[in-house]
Amino acid sequence: MTLLELENVAVTYGRIEALHGISLTVNEGEVVALIGANGAGKTTTMRAISGTRSLASGKITFNGEDISKLRADLRVVRGLCQSPEGRQIFPGMTVMENLDMGAYTRRDSAGIAADLDRVLTLFPRLAERRKQAGGTLSGGEQQMLAVGRALMSRPKLLLLDEPSMGLAPLVIRQIFDIITEINQQGTTILLVEQNAQQALSRAHRGYVLETGRS
Amino acid sequence: MHFDELIGHLGQHTVDGLSKGAIYALIALGYTLVYGVLRLINFAHSEVFMVGTFAVLILWNQLGVENNPPVGQAILFLVLGLVVAAAASGGTALALERVAYRPLRRKNAPPLIFLITAIGLSLVFVELFGQVLPKLLGGALPDVFGRPRQIVGMPTIIQQETLFTIGNTAITNIQLIVFIAAVAMMALLDWFINRTRYGRGVRAVAQNPETAALMGVNQERVIMLIFVLGGIMAGAAALLWSMRFGFTQNSIGFVLGLKAFTAAVLGGIGNLRGALLGGLFLGIVEVYGATLFASNWEDVIAFVVLIVVLMFRPTGLLGESLGRARA
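If you're wondering where the values come from, they're calculated on a predicted model, not measured in any experiment.

## Notes on the overall build of chain A
Step number 1: Looking only at helices and strands, one finds eight helices and nine strands in chain A.
Step number 2: Here the C-alpha radius of gyration of chain A, 16 Å, is about what a compact globule of 214 residues would show, namely 17 Å.
Step number 3: By principal-axis analysis of the C-alpha atoms, chain A measures approximately 45 × 40 × 35 Å.
Step number 4: Counting over 214 residues, chain A shows a buried share of 54%.
Step number 5: The contacts of chain A with a sequence gap of at least 6 include a subset with a gap of at least 24, amounting to 72%.
Step number 6: In the structure as shown, chain A presents an accessible area of about 9,000 Å², 48% of it carried by carbon and sulfur atoms.
Step number 7: Across chain A, 24 positive and 22 negative side-chain charges occur, with their mean positions spaced 3 Å apart.

## Some remarks on the side chain of B:N208
Step number 1: Tracing the backbone through its elements, the reader meets B:N208 in the loop between α8 (197–207) and α9 (209–214).
Step number 2: Engagement of the side chain of B:N208 in a polar contact is seen with the side chain of A:Q88, the distance being 2.8 Å.
Step number 3: Sequence-distant contacts of B:N208, defined by excluding residues within four places in its chain, comprise A:Q88 and A:F90.

## Some points on the environment of B:G279
All names here are of chain B.
Step number 1: One can find G279 in helix α12 (residues 272–292).
Step number 2: Residues G279 and I119, 160 residues apart in the sequence, show an inter-C-alpha distance of 22 Å.
Step number 3: In this view, G279 contacts G21, Y24, A25 and A263; residues no more than four positions away in its chain are not counted.

## Quick word on a nonpolar patch on the surface
All names here are of chain B.
Step number 1: The grouping of M1, F3, I7, L10, F293, W297, V300, V304, I307, V308, M311 and F312 at the surface amounts to a nonpolar patch, some 1,300 Å² of accessible area in total.
Step number 2: Secondary structure elements with two or more residues in the nonpolar patch: α1 (3–8) and α13 (298–312).
Step number 3: Residue placement: I307 occurs in helix α13.

## What about the interface of chain B and chain A?
Step number 1: Taken together, the contact between chain B and chain A spans 21 residues of the former and 24 residues of the latter.
Step number 2: Approximately 2,100 Å² of surface area, both sides summed, lies buried where chain B meets chain A, with 56% of it carried by carbon and sulfur atoms.
Step number 3: Contact with chain A buries area across many residues of chain B, yet B:R197, B:L214 and B:M215 alone supply 34% of it, more than any other trio.
Step number 4: At the boundary of chain B with chain A, the tally comes to three salt bridges.
Step number 5: Counting every contact that joins chain B to chain A gives six residue pairs in polar contact (both at pLDDT 80 or more).
Step number 6: Those elements that provide at least two residues to the side of chain B that touches chain A are α8 and α9 of chain B.
Step number 7: No other element matches the seven residues that α8(B) contributes to the side of chain B that touches chain A.
Step number 8: The class makeup of the residues in the side of chain B that touches chain A is eight nonpolar, seven polar and six charged.

## Regarding the sheet that holds strand β9 (residues 205–209) of chain A
Residue and element names in this part refer to chain A.
Step number 1: Strand order in the open sheet formed by five strands is β6-β7-β8-β3-β9, with parallel pairing between adjacent strands. Looking along the sheet, the strands with just one partner apiece sit at the ends: β6 (80–83) and β9. Within the sheet, the average angular offset between the axes of one strand and its neighbour, ignoring direction, is 15 degrees.
Step number 2: Of the pairings in the sheet, the one linking strand β7 (residues 157–161) to strand β8 (residues 188–193) comprises five bridges and is parallel in character. Following the sheet pairing, L157 is matched in β8 by T188.
Step number 3: Strand contacts of helix α7 (residues 169–184): β3 (31–36), β7 and β8, with the helix running at about 155 degrees to β8, the strand carrying the most contacts.

## Quick notes on the pairing of strand β2 (residues 16–27) of chain A
All names here are of chain A.
Step number 1: Pairing between strand β1 (residues 2–13) and β2: nine bridges, direction antiparallel. Residue pairing across strands places V9 opposite I22, the latter belonging to β2.
Step number 2: The antiparallel pairing of β1 with β2 creates a hairpin that spans two residues between the two strands, and G14 there sits at a positive phi of about 60 degrees.

## Section: helix α10 (residues 219–245) of chain B
Residues and elements named next belong to chain B.
Step number 1: An ideal rise of 1.5 Å per residue puts 39 Å on 27 residues; α10 measures up with 38 Å between its terminal C-alpha atoms.
Step number 2: Capping of α10 at its N-terminal end is provided by N218; its side-chain oxygen lies 3.2 Å from the backbone amide nitrogen of E220.
Step number 3: Directly after α10, the chain includes G246, whose backbone phi takes a positive value near 65 degrees.

## Points about the pattern of salt bridges
Step number 1: Under the definition given, this model contains 23 salt bridges over all chains.
Step number 2: Where A:R125 meets A:E141, a salt bridge forms, and the shortest distance between an N and an O atom there is 2.6 Å. Remark: A:E141 occurs in helix α6 (residues 139–151) and A:R125 occurs in helix α5 (residues 124–128); sequence separation between them is 16 residues.
Step number 3: Residue class for A:R125 comes out partly exposed when judged on its relative accessible area of 37%.
Step number 4: The class for A:E141 is buried, based on a relative accessible area of 5%.
Step number 5: Connected through salt bridges with shared partners, the residues B:K20, B:K259, B:E286, B:E298 and B:D299 form a single ionic network.

## Brief notes about empty space enclosed by the protein
Which parts of space are left empty comes out when a probe the size of a water molecule is rolled across the atoms.
Step number 1: Scanning all chains against the criterion turns up two cavities of 30 Å³ or more.
Step number 2: Estimates place the volume of the second largest cavity at around 40 Å³.
Step number 3: Lining the second largest cavity, in full, are A:S50, A:A72, A:R75, A:V76, A:L80, A:C81, A:Q82 and B:L214.
Step number 4: Those elements that provide at least two residues to the lining of the second largest cavity are α2 (72–78) and β6 of chain A.
Step number 5: Residues that form the lining of the second largest cavity fall into these classes: five nonpolar, two polar and one charged.

## A few points about the sheet that holds strand β4 (residues 57–62) of chain A
All names here are of chain A.
Step number 1: Taking strand neighbours across the sheet as the criterion, the four strands line up as β2-β1-β4-β5 in an open arrangement whose pairing is antiparallel. Of all the strands in the sheet, just β2 and β5 (65–66) have a single pairing partner and so form its edges.
Step number 2: Relative to β4, β1 runs antiparallel, the two sharing five bridges. Each residue of the ladder has a partner; that of L4, found in β4, is F62.

## Digging into the layout of surface pockets
Step number 1: Taken as a whole, the largest pocket encloses approximately 1,900 Å³ of empty space.
Step number 2: Looking at the largest pocket, it is lined by 50 residues, and the ones nearest its centre are A:T52, B:R105, B:N108, B:Q219 and B:E220.
Step number 3: Looking at the lining of the largest pocket, the elements that each hand over two or more residues are α1 (42–50), β4 and α2 of chain A together with α2 (10–38), α4 (71–106), α5 (111–137), α9 and α10 of chain B.
Step number 4: Of the residues forming the lining of the largest pocket, the biggest block, five residues, is contributed by α9(B).
Step number 5: By residue class, the composition of the lining of the largest pocket is 20 nonpolar, 16 polar and 14 charged.

Calculation rules
- Residues numbered from 1 in each chain as written.
- Chains lettered and ligands numbered in written order.
- Predicted model: local features only at pLDDT ≥ 70, side-chain atom pairs only at ≥ 80, totals over all residues.
- Heavy atoms only, no water.
- Helix = DSSP H or I, 4+ residues; strand = E, 2+ residues; numbered from the N terminus.
- Rg over C-alpha atoms; globule rule 2.2 N^0.38 Å.
- Buried < 20%, exposed > 50% of the residue type's maximum accessible area, 1.4 Å probe, protein only.
- Contact = heavy atoms within 4.5 Å.
- Areas by Shrake-Rupley, 256 points an atom, 1.4 Å probe, with all protein chains shown as cover.
- Lys, Arg positive; Asp, Glu negative; His and termini not counted.
- Charge placed at Lys NZ, Arg CZ, Asp CG, Glu CD.
- Polar contact = N/O pair within 3.5 Å; in protein donor to acceptor, adjacent residues only side chain to side chain.
- Patch = residues over 30% accessible without salt bridge, like charges linked within 9 Å, V, L, I, M, F, W, Y side chains within 5 Å.
- Salt bridge = Lys/Arg side-chain N within 4 Å of Asp/Glu carboxyl O.
- Buried area = accessible area lost by both parts, 1.4 Å probe.
- Nonpolar A, V, L, I, M, F, W, Y, C, P; charged D, E, K, R; others polar.
- Pairing = 2+ DSSP bridges.
- Axes fitted to C-alpha atoms, helices over the stretch in contact; angles between N-to-C directions.
- Expected span 1.5 Å × (residues − 1).
- 1 Å grid on protein atoms, 1.4 Å probe; cavity = no way out; pocket = protein on both sides within 12 Å on 5 of 7 lines; lining within 4 Å.
- Points joined across faces, edges and corners; volume = space filled by probe spheres on them.

Taken by themselves, the reported measurements are silent on function.
Structural data, given as structure tokens:
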């Protein structure tokens, strides 16, 4: 079943068109990789899906609902959550507070506690550093925190933007192992990567973005 | 120079400074909250305070408050004053945001436009309260609004008297109420921002607005919240001011707002605890300066201290923390 569908999505920055009408689909249970060179529009695509960039034209359907004009915060409620490029940890908040931010839209404290357990089991390093400020973590730990934070919203579709950026090869392996594990636990994943080989080896399908076209 | 006077009565001058600075600190919170989230200096915040003092004035006039009411009534008037001033100031701040700033944000206006808008709004409010309000309410409040642009007196709710003396330092009931009330309001705000879910949303937007949106934080709601919170604090300051000094005027916000803004910068703008520290520090410095030289020198001393502190610590005493290390 199709979970996410982009139809001819175009995004402009001022007068510059960053995406010239791309189309892609993600089916439930899949890991889909979106790869492409720097400046091809991968991050713009992610922003369009998350709603932090509005569309110039085209349509985004999520779980059967047209979300093209839906506010970003309401897309999180619908089950879409992104771990953004460059991790974007809240530097002044502790690891726990960062994880709580992921559950910002939720009120079911029992469910949140269960998901916290799950995240801390997936990333034992985060459990050790609960009280530490997010800004003081290493790059790999920050990436784990960014993925864990997104999982705390219990997403139907997890969007991962460049999870391997700036990390050592061993850490990249670890992160991708965990991504596979998260998928096997039932979360659909759309993955944006420059590291095409690693991404495609983990994905069921892939799209290549060439300067704004897929 | 009156060193002997300052040193001889250091405790007294410190107490006087603290109670003065507590009011600066409460107003400073409004500047710091808005700056922390929007990187905007809301110069119209001084008028948010001014509106609060007029709300107290109108309330007390409508209730027919006389000088020196019995204790039970005095407490009632103060509590009602707090509620009304907080509502008036909070509402004014929210209206400013909705009517003026939000449309500018939607158009992606450059920061300078916001600044000019803020200054313009401030002037509009001052003139409105100086010219229009007396005519509108002239009939209802003849004695109070009879002459525009004049200082308007308020009834004395609590007679200032010395509560207790430590050494040669006398602490009055009003000083104690002002200080405790101001610190309590700030503690409440600090708790709200650092311990509650909504507060976490505010800090998230301050630290990284785009990622906050990705986590499901509604940025517009956070912005409304900080304006209202800053307004409530200014309303509390307005009540304490009215109780302590017993007068207001349409231009009351100008100097007080400038001082409060100074306090916010001194403590580290964007930092809530910095606003408290900056406010108290500024109050003390002013009183010391006025004692050392003469009272008409206090503003000179205050701003010289600001400049000197910023030369050594450009981010203020505590630095910025609400939006620390924003990318």
